[in-house]
Amino acid sequence: MQALEIPAEGLRHVRFGWSMLSEATLSLWSATGGNRTPWIRRWWSDVRGRLTPGRTRLLREITGLGGHLPDFLLPVAPGGSSSLDEELHALVTRPTGSILEELTCAVTGGKHSALPLTTRLLDARGEDAYLATLADELRTYWKAALAPYWDGLRADLELGFDQRARLLAADGVQAAIADMSRHLAWSGDTLLVDVPPRARLTAGSGLWCVGSAFMSDRVLVSSRPDDTVAIYFPAAGRANAASGRQPLGRASRDLTELLGVTRATLLADLDIAHTTADLARRHKLAAGTVSHHLGILYKAGLLDRGRDGKRVLYRRSPLGNALARLPVHQTDEIF
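No experiment lies behind these values; they were computed from the predicted model shown. (Residues numbered from 1 in each chain as written. Predicted model: local features only at pLDDT ≥ 70, side-chain atom pairs only at ≥ 80, totals over all residues. Heavy atoms only, no water.)

Participant: Before we move on, can you summarise the pairing of strand β3 (residues 184-187) with the specific residues and values?
Facilitator: Here β3 runs beside strand β4 (residues 190-193); their pairing, made up of four bridges, is antiparallel. What sits directly across from Ala185, in β4, is Leu192. Counted between consecutive antiparallel strands, the loop separating β3 from β4 contains two residues, among which Gly188 sits at a positive phi close to 65°. (Pairing = 2+ DSSP bridges. Helix = DSSP H or I, 4+ residues; strand = E, 2+ residues; numbered from the N terminus.)

What follows is the structure, encoded as C-alpha cells:
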C-alpha cells in the first residue's frame, strides 16, 4: 500500500478533472496491458487495425512498460477544460531536463532494463525533438483511436463527475475520494492507495483526482513538481462499477421498452462508431434491417452520421448519449 499524506491545506485544494492527453495515454496503456474489461477489449479490437505500424513507436514503447507512466504523459486539467491542441502544446513547450529521469523511473517501475528507441532519440536529437515526435504520434493515435468515440467517452466522464460533485456536496471531500475506487481508503489524515509503494508522498499543495474511462478497476498515483499529487481513477466510481455499468454497448431494460429490442441494442452499441455492415455482422442481422433502424434513429436525432473515406459511420449523438443513460421516467427532461 502507498501511504499518501494529505494535510489540512492539501484537503482544501482537492480538484477533480480529466485530460484528453491522459485518456490517450491510459487507453493505450490499458489496452496493450491485457485489460480484460469487455468494452475495452471490443474498442481495441475495433481500432487497432486502423493504427499504422511505426507511426506510434515511441508511445507504444512507453505505455508497454507495464509499470509507472511518466508524468509528462499524464497531465491534469480542471473539469476537462483544455483541448488536445492545448495539452500537446504544453507537452512540447515544457521545461526540459526531466524527461530521461521520468523515463528511467518508468523503466524501473516496469522492471524493464532499457528503452532503446527512446534513448537513441534523446541522445541523438535532444528532448525538444523527442517531445515533438511524441506529440505527432499522440495526435495520430488520437485521430484514429479516440476521436471517433470521444462524444460517448466524454459523456461518461461528465456523468461520473456530476455524480462526484453531488457526493462531495453531500458527504464531504474524504467521502468523495474514498468513493473513487475500492483501492482507496482513509486512515486518519492518510490516504492508503492499493498500488506498489514508492517514496513517501505528501500532497502538501493539493490533490488532483483525474477520472478516466479506461482505468477500469485500477488506480495510478503521480507526484507533481508543484507539491501536488494526482490520482487517476475509474471515472464511473465504485457505485457504478458495482452495478455493472459499462460505458459502451449495453442496452438497459428501460431503453429496450422505449425503443424496442433492435433499436435499443443498436443505440447502445453506438458509443463506438460503426458502419451498417459492421453492425449487421456484430448483431447477426440483415444489412437492410440495420439500415432501416439506423435511419429511424438518425431522423430522431439520436445518431450522428459521417464519412471515413468511402465508409459511412454512425455513432450516438449527444441526445442519444443522454437517452441511453436515463431511465424511462426521466426522458421527458431531455426534450
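What follows continues from the structure just given.
Participant: Please set out the packing of aromatic side chains residue by residue, giving values where relevant.
Facilitator: Pairs of aromatic rings are described using the distance from one ring centre to the other and the angle between the two planes. Summed over all chains, the structure comprises four aromatic pairs. Summarising the aromatic geometry, the rings of Trp43 and Phe214 are spaced 5.0 Å apart at their centres and angled 55° between planes, so their arrangement reads as tilted. Of this pair, Trp43 sits in helix α3 (residues 38-47) while Phe214 sits in the loop between β6 (207-212) and β7 (220-223), and the two are 171 residues apart along the sequence. Here Phe214 falls in the buried class, since its relative accessible area comes to 1%. Over the ring of Tyr298 we find Arg305, and its NZ or CZ is 4.0 Å from the ring centre. (Phe/Tyr/Trp six-rings, centres within 6.5 Å; stacked < 30°, edge-to-face > 60°. Buried < 20%, exposed > 50% of the residue type's maximum accessible area, 1.4 Å probe, protein only. Lys NZ or Arg CZ within 6 Å of the ring centre and 35° of its normal.)

Participant: Could you give me a rundown of the packing of helix α13 (residues 276-283) against helix α14 (residues 287-299), with the residues and numbers involved?
Facilitator: Interhelical geometry of α13 versus α14 gives an angle of 115° and a closest axis separation of 9 Å. Considering how the two elements wind past one another, α13 and α14 form a crossing that is right-handed. Packed against α13, whose contacting residues are Thr276, Leu279 and Ala280, the element α14 presents Ala287, Val290, Ser291 and Leu294 at the interface. Counted by class, the contact of α13 with α14 contains five nonpolar, two polar and no charged residues. (Axes fitted to C-alpha atoms, helices over the stretch in contact; angles between N-to-C directions. Left-handed = near helix turned anticlockwise from the far one by under 90°. Contact = heavy atoms within 4.5 Å. Nonpolar A, V, L, I, M, F, W, Y, C, P; charged D, E, K, R; others polar.)

Participant: Tell me about the nonpolar core, and please be specific about residues and values.
Facilitator: Core analysis: the biggest nonpolar cluster contains 66 residues, and Trp43, Tyr130 and Tyr141 have the highest contact counts within it. For Tyr141, the contacting residues outside a window of four places in its chain are Ala24, Ser27, Leu28, Trp43, Trp44, Leu51, Thr56, Leu59 and Leu146. (Core = buried A, V, L, I, M, F, W, Y, C linked by side-chain atoms within 4.5 Å.)

Participant: Requested: an account of the side chain of Ser27, with residues and values cited.
Facilitator: Relative to the elements of secondary structure, Ser27 occurs in helix α2 (residues 20-32). What Ser27 contacts, discounting residues up to four positions off in sequence, is Trp43, Tyr141, Leu146 and Phe214.

Participant: Can you tell me about helix α5 (residues 84-92), naming the residues and giving the values?
Facilitator: All of the buried residues in α5 are Leu84, Glu87, Leu88 and Leu91. Looking down the long axis of α5, one finds its buried residues gathered within 100° of arc, a one-sided arrangement. (Arc of directions from axis to C-beta.)

Participant: Provide a residue-level description of the sheet that holds β6, including the pertinent values.
Facilitator: With mixed pairing, four strands are arranged side by side in an open sheet as β2-β6-β8-β7. In the strand order of this sheet, the two ends are held by β2 (14-17) and β7, each with one partner. Each neighbouring strand pair of the sheet contributes to a mean axis angle of 20°, computed without reference to strand direction. Of the strand pairs in this sheet, β2 and β6 are connected by four bridges, and their pairing is parallel. By the bridge assignment for β6, Phe16 is matched with Cys209.

Participant: Please set out the environment of Trp18 residue by residue, giving values where relevant.
Facilitator: Tracing the chain through its elements places Trp18 in the loop between β2 and α2. On the basis of relative accessibility, which here comes to 5%, the residue Trp18 falls in the buried class. Taking C-alpha positions, Trp18 is 8.8 Å from Tyr232, a pair spaced 214 residues apart along the chain.

Participant: Kindly report on the packing of α2 against α5, identifying the contributing residues and their values.
Facilitator: In the contact formed by α2 and α5, the axes pass within 8 Å of each other and the chain directions differ by 80°. Judged by the inter-axis angle, α2 sits roughly perpendicular to α5. Together, Met20, Leu21 and Ser22 of α2 and Leu84, Glu87 and Leu88 of α5 make up the contact between the two elements. Among the residues forming the contact of α2 with α5, the class breakdown is four nonpolar, one polar and one charged. (Parallel < 35°, antiparallel > 145°, perpendicular 65-115°, else oblique.)

Participant: So what's going on with the sheet that holds β3? Which residues, and what values?
Facilitator: Hydrogen bonds between backbone groups are what pair the strands of a sheet, and the pairing can be parallel or antiparallel. With respect to topology, four strands assemble into an open sheet ordered β3-β4-β1-β5, the strand pairing being mixed. A strand with exactly one partner marks an edge of an open sheet, and here the two such strands are β3 and β5 (201-202). In this structure, strand β1 (residues 2-5) lies alongside β5, joined through two bridges in parallel fashion. Looking at β5, one finds that Glu5 is bridged to Thr202.

Participant: Explain helix α8 (residues 150-171) to me, and be specific about the residues and the numbers.
Facilitator: Between its first and last C-alpha, α8 extends 31 Å over 22 residues, near the 32 Å set by a 1.5 Å rise per residue. Buried within α8 are the following residues: Trp150, Gly152, Leu153, Ala155, Asp156, Leu157, Gly160, Phe161, Arg164 and Leu167. Within two residues after α8, Gly172 carries a phi angle of roughly 95°, on the positive side. (Expected span 1.5 Å × (residues − 1).)

Participant: Help me get a handle on the environment of Ser291, residues and values and all.
Facilitator: With respect to the secondary-structure elements, Ser291 resides in helix α14. Distance in space between the C-alpha atoms of Ser291 and Leu279 is 9.4 Å, their sequence separation being 12 residues.

Participant: So what about the pattern of salt bridges? Which residues, and what values?
Facilitator: The final tally for this structure, using the stated rule, is three salt bridges. In this structure, Arg139 engages Asp85 in a salt bridge whose closest nitrogen and oxygen atoms are separated by 2.7 Å. Taken together, the residues Arg139 in helix α7 (residues 116-146) and Asp85 in helix α5 connect sequence positions 54 residues apart. We classify Arg139 as partly exposed; its relative accessible area is 40%. Among the ionic pairs, Arg281 bridges to Asp278, the shortest N-O distance being 3.1 Å. (Salt bridge = Lys/Arg side-chain N within 4 Å of Asp/Glu carboxyl O.)

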